[in-house]
Amino acid sequence: MTGLTLDRRAVLTRRVRWLVAATITYNVVEAVVAITAGTIASSTALIGFGLDSIIEVSSAAAVAWQFSGRDPERRERAALRVIAVSFFALAAYVTVESVRALAGGAEAGHSTIGLVLAAVSLAVMPGLSYAQRRAGRELGSRSAVADSKQTLLCTYLSAVLLIGLALNSVFGWSWADPVAALVIAAVAIKEGREAWRGDACACAHC
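Residues numbered from 1 in each chain as written. Predicted model: local features only at pLDDT ≥ 70, side-chain atom pairs only at ≥ 80, totals over all residues. Heavy atoms only, no water.

## Examining the overall build of the protein
Filter applied, for reference: Counting from the N terminus, the helices are the DSSP runs of H or I reaching at least four residues and the strands are the DSSP runs of E reaching at least two. The size measure is the radius of gyration over C-alpha atoms, and the globule rule it meets is 2.2 Å times the number of residues to the 0.38 power. For every residue, the accessible area obtained with a 1.4 Å probe (protein chains only) is divided by the maximum for its type, and the residue is called buried under 20%, exposed over 50%, and partly exposed between those limits. The contact criterion used is simple: two residues touch if any of their non-hydrogen atoms lie within 4.5 Å. In this description, accessible areas are obtained by the Shrake-Rupley approach with a 1.4 Å probe, and a residue is regarded as covered only by the protein chains that are shown. When charges are tallied, Lys and Arg are placed among the positive residues and Asp and Glu among the negative ones, while His and the ends of the chain are skipped. Charge placement uses NZ in Lys and CZ in Arg. For Asp and Glu, CG and CD serve respectively.
On a plain count of helices and strands, the protein comes out with six helices and zero strands. Listing the helices and strands of the protein from first to last along the sequence gives α-α-α-α-α-α. The C-alpha radius of gyration computed for the protein amounts to 17 Å, which stays within 12% of the reference 17 Å derived for 206 residues, consistent with globular compactness. By its C-alpha atoms, the protein is 55 × 30 × 25 Å across when sized along the principal axes. The buried share of the protein, reckoned over its 206 residues, is 45%. A separation threshold of at least 6 residues defines the contact pool for the protein, and within that pool the share at least 24 residues apart is 79%. Accessible surface for the protein amounts to roughly 10000 Å². Of this, 66% is attributable to carbon and sulfur atoms. Once the 19 positive and 15 negative side-chain charges of the protein are each reduced to a mean point, those two points are 8 Å apart.

## So, the environment of Ala-144
Structurally, Ala-144 can be placed in helix α5 (residues 142-170). C-alpha of Ala-144 to C-alpha of Ile-184: the two residues are 40 residues apart in sequence and 21 Å apart in space. Setting aside anything within four residues of it in sequence, one finds Ala-144 in contact with Val-16, Val-63, Phe-67, Gln-132 and Gly-136.

## A closer look at helix α2 (residues 44-67)
For the record, the criterion: Expected helix span is computed as 1.5 Å times (number of residues minus one). Polar contacts, as counted here, are pairs of nitrogen or oxygen atoms within 3.5 Å of one another; within protein the pair requires one atom able to donate a hydrogen and one able to accept it, and residues that are adjacent in sequence qualify only if both atoms are side-chain atoms.
Taking 1.5 Å per residue as the helical rise, α2 with its 24 residues ought to reach 34 Å, and the 35 Å between its terminal C-alpha atoms agrees with that figure. The backbone nitrogen of Leu-46 lies 3.1 Å from a side-chain oxygen of the residue at the head of α2, namely Ser-43.

## So, a nonpolar patch on the surface
Cut-off, in case you're wondering: Residues forming no salt bridge and having over 30% relative accessible area are the ones grouped into patches, like charges within 9 Å of each other and nonpolar side chains (Val, Leu, Ile, Met, Phe, Trp, Tyr) within 5 Å. Salt bridges, as used here, are contacts in which a Lys or Arg side-chain nitrogen is within 4 Å of a carboxyl oxygen on Asp or Glu.
Side chains of Val-99, Leu-102, Val-170, Phe-171, Trp-173, Trp-175, Val-179 and Leu-182 sit close together on the surface and give an oily, nonpolar patch of about 770 Å² of accessible area. Elements represented by at least two residues in the nonpolar patch include exactly α3 (76-102) and α6 (176-197). For Trp-173, the position within the fold is in the loop between α5 and α6. Note on Trp-173: relative accessible area 38%, which makes it partly exposed.

## Structural notes on helix α1 (residues 6-41)
For α1, with 36 residues, the first-to-last C-alpha span of 52 Å sits near the 52 Å given by 1.5 Å per residue. The first or second residue beyond α1 is Ser-42, which carries a positive phi of 55 degrees.

## Comments concerning the packing of α1 against α2
Convention followed: To obtain an axis, a line is fitted to C-alpha atoms, over the contacting stretch when the element is a helix, and the angle between two such axes runs from 0 to 180 degrees between their N-to-C directions. Note on terminology: angles under 35 degrees are roughly parallel, angles over 145 are roughly antiparallel, angles of 65 to 115 are roughly perpendicular, and the others are oblique. The sense of a crossing depends on the near helix, which, turned anticlockwise from the far helix by less than a right angle, makes the crossing left-handed and, turned clockwise, makes it right-handed. In this classification, Asp, Glu, Lys and Arg are treated as charged, Ala, Val, Leu, Ile, Met, Phe, Trp, Tyr, Cys and Pro as nonpolar, and every other residue, Gly included, as polar.
At their nearest, the axes of α1 and α2 sit 8 Å apart, and the two run at 160 degrees to each other. On the basis of the axis angle, α1 is roughly antiparallel to α2. The chirality of how α1 crosses α2 is left-handed. For the contact of α1 with α2, the residue count by class is 19 nonpolar, seven polar and three charged.

## Observations regarding the packing of α5 against α6
The geometry of a pair of packed helices is captured by two quantities: the angle between their axes and the separation between those axes. Remark: α5 packs on α6, axes separated minimally by 9 Å, with the N-to-C direction vectors making an angle of 175 degrees. One element, α5, and the other, α6, form an angle in the roughly antiparallel class. For the pair α5 and α6, contact is made by Ala-146, Lys-149, Leu-153, Tyr-156, Leu-157, Val-160, Leu-161, Gly-164 and Leu-167 and by Ala-176, Asp-177, Ala-180, Ala-181, Ile-184, Val-187, Ala-188, Glu-191, Glu-194 and Ala-195, respectively.

## A few points about the confidence of the model for the protein
Our working rule: Every residue gets a pLDDT, meaning the predictor's confidence in that residue, from 0 to 100.
Per-residue pLDDT for the protein averages 80, and the proportion of residues at 70 or more is 92%. Segment residues 200-206: pLDDT under 50, and 17 contacts once partners within four positions in sequence are set aside and those in other chains are kept.

## Thoughts on the nonpolar core
As a rule of thumb, nonpolar side chains are buried together in soluble globular proteins. Put simply, the rule reads: Definition used in this section: a nonpolar core is a set of buried Ala, Val, Leu, Ile, Met, Phe, Trp, Tyr and Cys residues joined via side-chain atoms within 4.5 Å.
Ranked by size, the top nonpolar core spans 40 residues in total, and within it Val-16 and Phe-49 carry the most contacts. Of the residues forming this core, the biggest block, eight residues, is contributed by α5. The contact partners of Val-16, leaving out residues within four places of it in the chain, are Val-63, Phe-67, Ala-135, Leu-139 and Ala-144.

The following block contains the structure:
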């Protein structure tokens, strides 16, 4: 974005770096907790959520790599490609696991830890996504905006996980989670295509 002073650009660049670092740290913890709890409860939804956290780390790491250089704009296309592949990988995994669950996979048990984790992520992720998207738009960084969309997608997955675990625990509706997850997979494919083409919106009105 034109019109930024060098000082303002430096402030925004540092802000993006801090936000990316916070996203990576949170998602590493989230991945460990989710995969462990999912393994204990035999929950493909929880394990998938943990793997999504790992994908989110790869996306955030791509932006961190971009902004670690003196000229982040030169690295933007490569960072966008990494983010796009992350979306596609997430969509593929969620689709496969959802189909397996709907076809009669092992039913997951109740997981209090999973419910708490999903609720916490649902509260934390929107704020991180908004802050990074705002800084990315002002800075004119398509990769930062694309990564903020990855974080926002994690918010949707948190909601899906929370609803799925709750319905399974209360009513025994094991089909609810995979059906909702298929919707998230479709969104991930759309966002991945936009990131691959470099269409991630970096304008102020988006």
